[in-house]
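Coordinate inspection notes
If you want the building blocks of each chain, they are given just below.
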Amino acid sequence: MKKLICLVLLLLNGCIARYKDISRLPEYSSLIGKHYVLTSDMYISGVNAPPGYGSEIDYYKISPIHPTWSGPELISRHILSTNNILTVKNIRKCTNCPFEDRIEAVVTTHPYIPAINDVPVRIRLKYLFSADFAKQTD
């Protein structure tokens, strides 16, 4: 019965993930301003968020090359090379993802990528904390 209720709530809530800033929580505040260097190549994908799926990029998502993903929201995809540095600007948590604890960092990239200046760049914390993808530099 609980699963049915969760499914109904999920359908009523829509498929759009909603986030809240949790940067001020003690367990995350120490991450702000930290630098992480990529230890492997990763994709940086331009995403158009629903509704409507247009051609504008609403945010960039950094994710592993394997496995990959696709869909109408994918606008562009490039490789962010090993040794690129990510600086954490803030931490966000999904508020309507009942089946997973989705926490992500909004970051800047170094070297600076001018094309992504006006939209957020996101990466899940699990990738920042995985030696397979990144390591802290400070």
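In case you missed it, the structure is sitting above this.
As a starting point, this report considers the structure included with it. Worth saying up front: this structure is predicted, and the values here are computed from it rather than measured. Every chain's residues receive numbers from 1 upward, in the order its sequence appears when written. Two thresholds apply to this predicted model, a pLDDT of at least 70 for residue-level local features and 80 or more for giving and counting side-chain atom pairs, whereas whole-chain, interface and lining totals are computed over all residues. To obtain the side-chain values, all non-hydrogen atoms of the structure were used and water was disregarded.

1. Things to note about the nonpolar core
Put simply, buried Ala, Val, Leu, Ile, Met, Phe, Trp, Tyr and Cys residues joined by side-chain atoms within 4.5 Å make one nonpolar core. Between buried and exposed lies partly exposed: a residue is buried under 20% and exposed over 50% of the maximum accessible area for its type, with that area taken using a 1.4 Å probe on protein chains only. Counting 24 residues, the largest nonpolar core has Ile62, Ile91, Ile123 and Leu128 as the members making the most contacts within it. Note on contacts: a residue pair qualifies if any of its non-hydrogen atoms lie within 4.5 Å across the two residues. Non-local contacts of Ile62, meaning those with residues more than four positions away in its chain, are made with Met42, Tyr43, Ile44, Leu80, Leu86, Val107, Val121, Arg122, Ile123 and Tyr127.

2. So, the environment of Val37
Structurally, Val37 can be placed in strand β2 (residues 35-38). For Val37, a relative accessible area of 11% corresponds to the buried category. With residues up to four places along the chain from it excluded, the contact list for Val37 reads Asn83, Asn84, Ile85, Phe133, Ala134, Lys135 and Thr137. Elements are defined by DSSP. Helices are runs of H or I of four residues or more, strands are runs of E of two residues or more, and each kind is numbered from the N terminus.

3. Remarks on the packing of aromatic side chains
Two rings from Phe, Tyr or Trp (for Trp, the six-membered ring) form a pair when their centres sit within 6.5 Å of each other. Planes less than 30 degrees apart are called stacked, planes more than 60 degrees apart edge-to-face, and all others tilted. All told, the structure shown has two aromatic pairs when counted by the stated rule. Between Tyr36 and Phe129 the ring centres are 6.5 Å apart and the planes differ by 50 degrees, which places this aromatic pair in the tilted class. Of this pair, Tyr36 sits in strand β2 while Phe129 sits in the loop between α3 (125-128) and β9 (134-136), placing them 93 residues apart in sequence. Between the aromatic rings of Tyr127 and Phe133, the centroid separation amounts to 5.3 Å while the plane-to-plane angle is 80 degrees, which identifies the pairing as edge-to-face. With a relative accessible area of 18%, Tyr127 lands in the buried category. Phe133 sits in the buried class, given a relative accessible area of 17%. Arg122 extends its terminal NZ or CZ atom over the ring of Tyr19, reaching a point 5.8 Å from the ring centre. Charge-over-ring placement is defined geometrically: NZ (Lys) or CZ (Arg) within 6 Å of the ring centre, and within 35 degrees of the ring normal. Here the basic side chain of Arg122 rests over the ring of Tyr59, its NZ or CZ set 3.8 Å away from the ring centre.

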